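Descriptive structure summary
What follows is each chain in one-letter form.
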Amino acid sequence: MSIYRENLINAVIDNSNANNWDDAVLEWDIVDCIEDETCSESCVCGKYGLRYLYTIVNDRNGNALHPIGSCCILKFNRIDLNEEISVREGMFRLLHAVEDNQFIELSPKFFTRKLITELYDCGAFDTEYNDFDGEEDYNFFLKMFSKRKKEDITYKMHKKIRAIIYNSIRPYLMSVLAEKVNRKQ
């Protein structure tokens, strides 16, 4: 066993109610993630150079571990945490595409169903353009993303997709996620 894995196991078990790895990993939830473009932080396991700095909290005793890297969280072997990592890191990639003025299309390059749902759950679709009720836009966006035959998407539908991206999702990412990026100096 590597020293990093041993450090991770010890940190998790020491901060858990359970006294074994299999039970201890079930006590933890991701509560935050910051992107560090300088990659200057170290994980609780000791690995250096983290880009995504997660904070996980034990739901039984309130203990927190920070920073912890996504590679270490993946070692928990929990589908829910793996999906959350994918969504959070996908949001940062989407933010950078927005900041770089890339053309953002409704495709797997930028979106997943889970990411779209998370954006909805966080209120990204609720804007003044839809009287702060984004459910219809969310359902439309998800339906368009799920279309098998993309050529069936009409010009008018494409316009609505672009409007949702630029009037709802883009401002949300810029206002909420941009402050969670530690920029290179």
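Right, let's walk through the structure included here. Not measured: the values here are computed from a predicted model. (Residues numbered from 1 in each chain as written. Predicted model: local features only at pLDDT ≥ 70, side-chain atom pairs only at ≥ 80, totals over all residues. Heavy atoms only, no water.)

**Some points on the overall build of the protein chain**
Scanning the protein chain from N- to C-terminus turns up 7 helices and 6 strands. Each helix and strand of the protein chain, placed in order from N terminus to C terminus, yields the pattern α-α-β-β-β-β-β-α-α-α-α-α-β. Principal-axis analysis of the C-alpha atoms places the extent of the protein chain at approximately 55 × 35 × 30 Å. Evaluated residue by residue, the protein chain yields a buried proportion of 41% over its 185 residues. Taking the 24 positively charged and 31 negatively charged side chains of the protein chain as two groups, their mean positions are separated by 9 Å. (Helix = DSSP H or I, 4+ residues; strand = E, 2+ residues; numbered from the N terminus. Buried < 20%, exposed > 50% of the residue type's maximum accessible area, 1.4 Å probe, protein only. Lys, Arg positive; Asp, Glu negative; His and termini not counted. Charge placed at Lys NZ, Arg CZ, Asp CG, Glu CD.)

**Quick look at the packing of aromatic side chains**
For any pair of aromatic rings, the description consists of the separation of the ring centres together with the inter-plane angle of the planes. Per the counting criterion, the structure on display carries 7 aromatic pairs. On the numbers, 5.9 Å between centres and 70° between planes, the contact of Phe-125 with Tyr-138 is edge-to-face. Of the two residues, Phe-125 is situated in the loop between helix H5 (113-121) and helix H6 (135-146) and Tyr-138 in helix H6; the sequence distance between them amounts to 13 residues. On the basis of relative accessibility, which here comes to 0%, the residue Phe-125 falls in the buried class. Centre to centre, the rings of Phe-125 and Phe-141 are 5.6 Å apart; their planes meet at 65°, and the pair counts as edge-to-face. Pair noted here: Phe-125 is in the loop between H5 and H6 and Phe-141 is in helix H6, with a separation of 16 residues, a long-range link. Taken individually, Phe-125 and Phe-141 each receive the classification buried, so the pair is uniform in this respect. Site record: aromatic cluster; members linked through ring pairs are Phe-111, Tyr-120, Phe-125, Tyr-138 and Phe-141. Taking NZ or CZ as reference, Lys-150 lies 5.5 Å from the ring centre of Phe-145, over its face. Above the ring of Phe-140, the side-chain terminus of Lys-160 is found at 4.5 Å from the ring centroid. (Phe/Tyr/Trp six-rings, centres within 6.5 Å; stacked < 30°, edge-to-face > 60°. Lys NZ or Arg CZ within 6 Å of the ring centre and 35° of its normal.)

**Some details on the packing of helix H4 (residues 79-99) against H5**
Interaxial distance between H4 and H5 falls to 9 Å at its minimum, and their mutual angle equals 75°. With respect to H5, the element H4 is oriented roughly perpendicular. Taking contact as the criterion, the partners of Glu-83, Val-87, Gly-90, Met-91 and Leu-94 in H4 are, on H5, Lys-114, Leu-115, Glu-118 and Leu-119. Class assignment of the residues belonging to the contact of H4 with H5 gives a composition of 5 nonpolar, 1 polar and 3 charged. (Axes fitted to C-alpha atoms, helices over the stretch in contact; angles between N-to-C directions. Parallel < 35°, antiparallel > 145°, perpendicular 65-115°, else oblique. Contact = heavy atoms within 4.5 Å. Nonpolar A, V, L, I, M, F, W, Y, C, P; charged D, E, K, R; others polar.)

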